[in-house]
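Tertiary structure, described
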Amino acid sequence: MDKSSSNIYQLDGRVPVLQAVPFGLQHVLAMFVSNITPIIILANIVGISPELSAALVQNCMVIAGIGTLVQLYPVWRVGSRLPIVMGISFTFLSLAIFIGTTQGMGVLMGAVVIGGIFEGLLGLFAKHWIKIIAPVVAATVVTAIGFSLLPIGANSFAGGQDAADFGAAHNWIVGTVTLLTCLGCQVFGKGFFRSLSVLIGLIVGYILSVCMGMVDFSGLNGVGFISLPKILPFKLEFDLGAILSVIAIFCVSATETIGDTSALCSGALKRLPTDRELGASISCDGFVSSIAGIFGCTPITSFSQNVGLASISGVVNRFAIATGACIMILGGIFPAVGTILTTIPQAVLGGCTIMMFGSIMFAGFGMLAKCGFNDRNMVIVALSLSIGLGFTQASAMFNIFPQIIRTVFAENCVAVVFLLAVILNLVLPKSKEA
């Protein structure tokens, strides 16, 4: 192996562009579907026009590229200087749908901008609080996120919530074929094909849906060749309840970022992360999410699938991954790309996301196993999940509380789980570990 080839496994090794691009492209392909799916689902449920939906997809690609570059090449104390790939977070999807449908996209984006600044500042002062996010807290939160997303995946599988053809036979067929393709690639595929199982499933499901007449290409008429990202597609509005709700989820997102950064350092770099790296990762998460709100996108976060890809492949070179970030930005300025992606039927997205959401739950189970199944952890996990998942399924029980409390907790099981897990971890005696 020559020096340039071995440098691909070094954080700061010099790698030729032609050699770096395939590895960067691999990271883009591994996260591409996950990056655009939240905004597509949100746009469909809220009722955003196809033209604006396409522009938002473009913006999401650009924001993901910018966030990744900031993680790789920090701006002051914002960015970890680690090979972390950023993208639009699923964690905010449930709350984004709730705020977007009840209060409007302007209120949602205003909350994202303020909440992102909050998380960014949280990262700058991480050394003063990071110890309270114990591994069992992070594991419980990740598990709750997986559970909370399952109904969204199921609704998409059936054709999209409130769709005229919800649960129709053609949605079942397309969703099932997409899901089985993803599963087949995951079980029988090797290497590159296995890492792209979701994308391959999406392509197969999309081709099938085209053949079944489920795709409308009329939105491509008159689309330009190049278009700059659309700034402020929604007029920012600020509502205290929405802001507090989003801040609560940003705290959850921070715990995910801590987990991803720790997993990357442990699996790919074979060391523990420093407090500075953890804080810088969170700051990037927050401040770039504020920029995302200005571009009409929901917040970004570190992508766990890319952390796994780095650990499996051993490729941690910052420049190689930066080429992937540049590919995302370039893809975001060609509007035809965004328009085509918005034609993907909900059933196809559902077939893909069912598996992705299940994998988030599985990741949570794995984290719980590493924490150990002692009495203390059992109480934290069992009580947090029981109350968080159970009470929010009967959200009317929160009607006795003020509106702000209802907005933050009644429809948001992840916020309830996070708060309870932190409190229980702080107040339960350590003797319960025995």
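From a predicted model like this one, the values you see are computed outputs, not experimental measurements. (Residues numbered from 1 in each chain as written. Predicted model: local features only at pLDDT ≥ 70, side-chain atom pairs only at ≥ 80, totals over all residues. Heavy atoms only, no water.)

Turning our attention to the overall build of the protein chain. When helices and strands are counted, the protein chain shows 18 helices and two strands. Relative to a compact globule of 434 residues, whose C-alpha radius of gyration would be 22 Å, the protein chain shows 21 Å and is just as compact. Its C-alpha atoms give the protein chain principal-axis dimensions of about 65 × 60 × 45 Å. A total of 434 residues make up the protein chain; the buried ones form 54% of that total. (Helix = DSSP H or I, 4+ residues; strand = E, 2+ residues; numbered from the N terminus. Rg over C-alpha atoms; globule rule 2.2 N^0.38 Å. Buried < 20%, exposed > 50% of the residue type's maximum accessible area, 1.4 Å probe, protein only.)

Turning to a nonpolar patch on the surface, a few remarks are in order. There is a patch of nonpolar side chains on the surface, built from Val17, Val21, Leu25, Tyr73 and Phe319 and spanning about 380 Å² of accessible area. For the nonpolar patch, the element with the highest residue contribution is helix H2 (residues 17–46), accounting for three residues. Within the element layout of this structure, Val17 appears in helix H2. (Patch = residues over 30% accessible without salt bridge, like charges linked within 9 Å, V, L, I, M, F, W, Y side chains within 5 Å. Areas by Shrake-Rupley, 256 points an atom, 1.4 Å probe, with all protein chains shown as cover. Salt bridge = Lys/Arg side-chain N within 4 Å of Asp/Glu carboxyl O.)

Moving on, we get to helix H16 (residues 375–393). Taking 1.5 Å per residue, 19 residues should reach 27 Å; H16 reaches 27 Å between its end C-alpha atoms and fits that length. Restricting attention to buried positions, one finds in H16 the residues Arg376, Asn377, Ile380, Val381, Ser384, Leu385, Gly388 and Thr392. End-on view of H16: buried residues confined to an arc of 135°, all on one side of the axis. Taken together, the buried residues of H16 touch helix H6 (135–157), helix H15 (346–371), helix H17 (403–410) and helix H18 (413–427). The backbone nitrogen of Arg376 lies 3.2 Å from a side-chain oxygen of the residue at the head of H16, namely Asn374. (Expected span 1.5 Å × (residues − 1). Arc of directions from axis to C-beta. Contact = heavy atoms within 4.5 Å. Polar contact = N/O pair within 3.5 Å; in protein donor to acceptor, adjacent residues only side chain to side chain.)

Counted under the stated rule, the structure contains zero disulfides. In this model Cys326 remains outside any disulfide bridge; the closest cysteine sulfur is found in Cys284, 15 Å from its own. With no disulfide of its own, Cys371 lies closest to Cys265 among cysteine sulfurs, the gap being 18 Å. With relative accessibility at 21%, the residue Cys371 sits in the partly exposed group. (Disulfide = S-S within 2.5 Å.)

Quick look at unusual backbone geometry now. You will see that Trp76, though not glycine, has its phi angle at about 60°, which is positive. Of note in this structure, Arg81 is not a glycine but carries a positive phi near 65°. Inspection of the secondary structure assignment puts Arg81 in the loop between helix H3 (50–72) and strand S1 (86–88). Relative accessible area serves as the criterion here: at 35%, Arg81 is assigned to the partly exposed category.

This brings us to the packing of aromatic side chains. What the rule picks out here adds up to three aromatic pairs. Ring centres of Phe157 and Trp172 lie 5.6 Å apart, and the angle between their planes is 80°; on these two criteria the pair is classed as edge-to-face. Here Trp172 lies in helix H7 (residues 169–188) and Phe157 lies in helix H6, a separation of 15 residues in the sequence. Each ring, one from Phe398 and one from Phe401, has its centre 6.2 Å from the other, and the planes form 45°; the classification is tilted. The class of Phe398 is buried, set by a relative accessible area of 9%. (Phe/Tyr/Trp six-rings, centres within 6.5 Å; stacked < 30°, edge-to-face > 60°.)

Before going further, it helps to spend a moment on helix H9 (residues 197–211). Here H9 contains 15 residues, and its C-alpha end-to-end distance of 21 Å stays within 8% of the 21 Å for a straight helix at 1.5 Å per residue. Turning to H9, its buried residues number three or more, namely Ser197, Val198, Leu199, Gly201, Leu202, Gly205, Tyr206 and Ser209. Taken from the residues just after H9, Gly213 is the one with a positive phi, measuring 75°.

Counted by the stated rule, this structure contains one cavity of 30 Å³ or more. As a volume, the largest cavity reaches approximately 30 Å³. Along the walls of the largest cavity sit Phe92, Leu95, Ala96, Leu108, Val112, Val246, Thr298 and Pro299, which together make up its complete lining. Secondary structure elements with two or more residues in the lining of the largest cavity: helix H4 (93–102) and helix H5 (105–124). (1 Å grid on protein atoms, 1.4 Å probe; cavity = no way out; pocket = protein on both sides within 12 Å on 5 of 7 lines; lining within 4 Å. Points joined across faces, edges and corners; volume = space filled by probe spheres on them.)

With that settled, the discussion passes to the nonpolar core. Formed by 117 residues in total, the largest nonpolar core has its most connected members in Leu42, Leu93, Leu108 and Phe418. With 13 residues, helix H10 (residues 240–267) is the largest single contributor of residues to this core. In this structure, Ile8, Val15, Ala20 and Ala320 belong to the second largest nonpolar core, which totals five residues. (Core = buried A, V, L, I, M, F, W, Y, C linked by side-chain atoms within 4.5 Å.)

To continue, consider the side chain of Asn317. Tracing the sequence through the fold places Asn317 in the loop between helix H12 (304–313) and helix H13 (318–332). Polar contacts involving the side chain of Asn317 include one to the main-chain amide nitrogen of Phe319, which spans 3.1 Å. With residues near it in sequence (within four places) discarded, Asn317 still touches Asn7, Ile8, Gln10, Leu11, Asp12, Gly13 and Val15.

So, on to the packing of H9 against H15. In helix packing, the relevant descriptors are the interaxial angle and the interaxial distance, both defined with respect to the helix axes. At a minimum axis separation of 8 Å, H9 and H15 run at an interaxial angle of 160°. Taken together, H9 and H15 sit at an angle that is classed as roughly antiparallel. As for how H9 packs across H15, the hand of that crossing is right-handed. Seen from H9, the contacting residues are Val198, Gly201, Leu202, Gly205, Tyr206 and Ser209; seen from H15, they are Val348, Leu349, Cys352 and Met356. Of the residues contributing to the contact of H9 with H15, the split by class is seven nonpolar, three polar and no charged. (Axes fitted to C-alpha atoms, helices over the stretch in contact; angles between N-to-C directions. Parallel < 35°, antiparallel > 145°, perpendicular 65-115°, else oblique. Left-handed = near helix turned anticlockwise from the far one by under 90°. Nonpolar A, V, L, I, M, F, W, Y, C, P; charged D, E, K, R; others polar.)

Attention now moves to the layout of surface pockets. Taken as a whole, the second largest pocket encloses approximately 790 Å³ of empty space. Lining the second largest pocket are 41 residues; nearest its centre among them are Asn44, Pro50, Thr342, Thr343 and Ile344. Of all the secondary-structure elements, those providing two or more residues to the lining of the second largest pocket are H2, H3, H6, H7, helix H14 (335–341) and H15. Considering each element in turn, the lining of the second largest pocket owes the most residues, six residues, to H3.

It is worth spelling out the environment of Ser281 at this point. Along the polypeptide, Ser281 turns up in helix H11 (residues 275–294). The class of Ser281 is buried, set by a relative accessible area of 0%. For the pair Ser281 and Val210, spaced 71 residues apart in the sequence, the C-alpha separation amounts to 41 Å. Ser281 has contacts with Gln71, Ser80, Ile84, Thr257 and Thr261, leaving out every residue within four places of it along the chain.

Scope: geometric values only; no functional claims are made or implied.
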